[in-house]
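# Commentary on secondary and tertiary structure
For reference, the chains in residue letters:
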Amino acid sequence: MTDKELFKSLSYEKKNVYEAISDKEKADMLALCDEYREFLDEGKTERECVEKAVKMAEANGFKPLDSFNTLKAGDKVYKLNRGKNILLTIVGTEDITTGINLVGAHIDSPRLDLKQNPLYESNGMALLKTHYYGGIKKYQWPTIPLAIHGVIFTRDGEKITLNIGEKDTDPVFCITDLLPHLAKDQMVKKMTDGIEGENLNILIGGMPVKTDEVGEKVKFAILKLLNDRYGITERDFLSAEIEIVPAFKARNVGLDESFIGAYGQDDRVCAFTTLKGIFDTENPKKTAMAILVDKEEIGSTGNTGMLSAFFEMTVAEIIEKITGKCTVTDYNKVIVNSACLSSDVGAAVDPNYEIVSEKKNAAFAGSGMVLMKYTGSRGKSGSSDASAEFVYKIGKILDDNNVIWQTSELGKVDQGGGGTIAQYVANLNMDVIDCGVPVLSMHSPFEVTAKSDIYMAYRSYVAFYKDR
Ligand code: MN
Ligand code: MN
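Each chain has its residues counted from 1, following the order in which its sequence is written. As they are written, the chains are lettered A onward and the ligands numbered 1 onward, keeping that order. Local features are withheld for residues below a pLDDT of 70 in this predicted model, meaning they are given only at 70 or higher, and side-chain atom pairs are given and counted only at 80 or more; totals for whole chains, interfaces and linings count all residues. Just so you know, side-chain values use all the structure's heavy atoms and leave hydrogens and water out.

To sort residues, take the accessible area from a 1.4 Å probe on protein chains only and compare it with the maximum for the residue type: under 20% means buried, over 50% means exposed, and anything in between is partly exposed. Put simply, DSSP H or I for four residues or longer makes a helix, DSSP E for two residues or longer makes a strand, and each gets a number counted from the N terminus. For strand β10 (residues 241–246), the buried fraction is high: 5 of the 6 residues fall into the buried class. Between any two strands, pairing holds if DSSP finds at least two bridges. Bridge count between strand β5 (residues 111–122) and β10: 2 bridges; the pairing is antiparallel. Pairing of L112 across the sheet is with I244, part of β10. Pairing of strand β7 (residues 146–153) with β10 involves 6 bridges; the strand directions are antiparallel. The residue bridging A147 from the neighbouring strand is V245, located in β10.

Now the structure itself:
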């Protein structure tokens, strides 16, 4: 062996997926990503994602858990929580106390929510006040086309679902910004203050009602439109949940179409690949589960976040339906023997900002699924930090199934940080590690991912369900 060969065999080097995969794999990758773009366009909120997931699940033979009194190996079921979570399960052939294989992704994304009393008129225009959700860079949201999604109840209790701005024939909405000619003061502000949270107001109208009886004629016109079309009044906004999201569709990016650009890829890229992963799993040994959760971007709180007891309650229900009863001992055995891939995105090295990354330990778009032993900030604060045993086990499964993968941490030490659902899954006393797709422009209205990494994330989840 030459020294060159010896050095190569002793050292570790990342691979580029595009250089490593066959033509057949490339065709599979492109087909998967075509379907993924449709998934993104149909699911821009957590509620829409759950609806889409149900459609996909039913097409793949899954039925509501509530329709089963007992469960046996091979049964495919799903359970919803408040229209914002879904837990899919395929009952394994092994005793469930040997543990389950869980993959969990989140389906909420950073956005602007309408305030509870949002509508006002100013300078002959009608606007809606917003309160941002999750970690956004506020300056990215003005001057782009926006859509309105959400639910609002009429006084009589009828639930109205809004989705305005997605069809080519729909109008869109926007937040206006200052012209450069008059932005002298604004342009010297820090980027955090350049656009203020209270200035993220959505333009929704400017055509007044012809009347002398009312002062706010444009607001009046919008209220009349809302009432004519949806039967709602201003009061009904008080209980509504309405999300403002970018109005554009997912697109291929690059002359070679190697990337996908879209809103909400954190973390719907992992939600989609997780769903595809469990749909391609047949008769697993261990019970396979996939959970899509809400509220990750604001700390996994609430009854639809990962901190909700929904997961534990449903696991107990499933154990009971398989074995006839769920004792505390059985439940504990199931959990301690289980393993979870927290499928969430990582930060890809950005050629414009490579200074924030430490490249030996950073993820590159195109180098495969990214496994993240820990996240957190400063001294790994807030991280569940997976064990060597578990990282080894997952790495071996990936290698055995020819998955191309890389490892990363979130930027340079002390550069910033973040968290995922992993720490909350770990608290249940289950092995868990973050793994998913590297993203460029994360949390922006147009996040970018490499098709190769999406494909490898999907292959990772299939391998995990099949082989652990
Ligand atoms: Mn995420
Ligand atoms: Mn995020």
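Additional details are given in the paragraphs that follow.
Right, let's talk about the side chain of D350 for a bit. Considering the arrangement of structural elements, one finds D350 in the loop between β15 (346–347) and β16 (369–372). Residues scored as positive are Lys and Arg, those scored as negative are Asp and Glu, and His as well as the terminal groups of each chain are ignored. In the sections that follow, a salt bridge refers to a side-chain nitrogen of Lys or Arg positioned within 4 Å of a carboxyl oxygen of Asp or Glu. K137 provides the closest opposite charge to the buried, salt-bridge-free D350, at an N-O distance of 8.1 Å. A distance of 2.8 Å separates the side chain of D350 from the backbone nitrogen of N352, its partner in a polar contact. What qualifies as a polar contact is a pair of N or O atoms within 3.5 Å, subject to a donor-acceptor requirement within protein and to the restriction that residues adjacent in sequence count only when both atoms come from side chains.

For the rest of this paragraph, the subject is the sheet that holds β15. Sheet strands line up and pair through hydrogen bonds in the backbone, either parallel or antiparallel. The strand order across the open sheet built from 5 strands is β11-β12-β22-β21-β15, with neighbouring strands paired in mixed fashion. Strand pairing shows two members of the sheet lacking a second neighbour, β11 (251–253) and β15, which therefore form its edges. Pairing analysis gives 2 bridges linking β15 to strand β21 (residues 438–440), with the strands arranged parallel. Looking at the pairing, G346 lines up with P438 of β21. In this analysis, two residues are considered to be in contact whenever any of their non-hydrogen atoms come within 4.5 Å of each other. Where helices are involved, their axes are fitted lines through C-alpha atoms of the stretch in contact, as for all axes, and angles between N-to-C directions lie from 0 to 180°. Along the sheet face, helix α3 (residues 23–42) touches β11 and β12 (259–262) and points at about 5° away from the line of β12.

Six octahedral donors around a metal ideally subtend angles of 90 or 180 degrees, whereas four tetrahedral donors ideally subtend 109.5 degrees. Each protein donor to the manganese ion (ligand 2) is listed here as D266 (OD), E297 (OE), E297 (OE) and H443 (NE2); together their distances run 2.1 to 2.6 Å. Any nitrogen, oxygen or sulfur atom within 2.8 Å of a metal ion counts as a donor, with the limit raised to 3.2 Å for Na, K and Ca, and since water is left out, coordination shells can look unfinished. Taken in chain order, the donor set of the manganese ion (ligand 2) reads D-x30-E-x145-H. A spacing of 3.4 Å is found between the manganese ion (ligand 2) and the manganese ion (ligand 1), which share D266 as a donor. Note that D266 is positioned in helix α8 (residues 265–279) and E297 in the loop between β13 (287–293) and α9 (310–323), a separation of 31 residues in sequence. Classification of D266 as buried rests on a relative accessible area of 3%. By relative accessible area, E297 is classed as buried at 13%.

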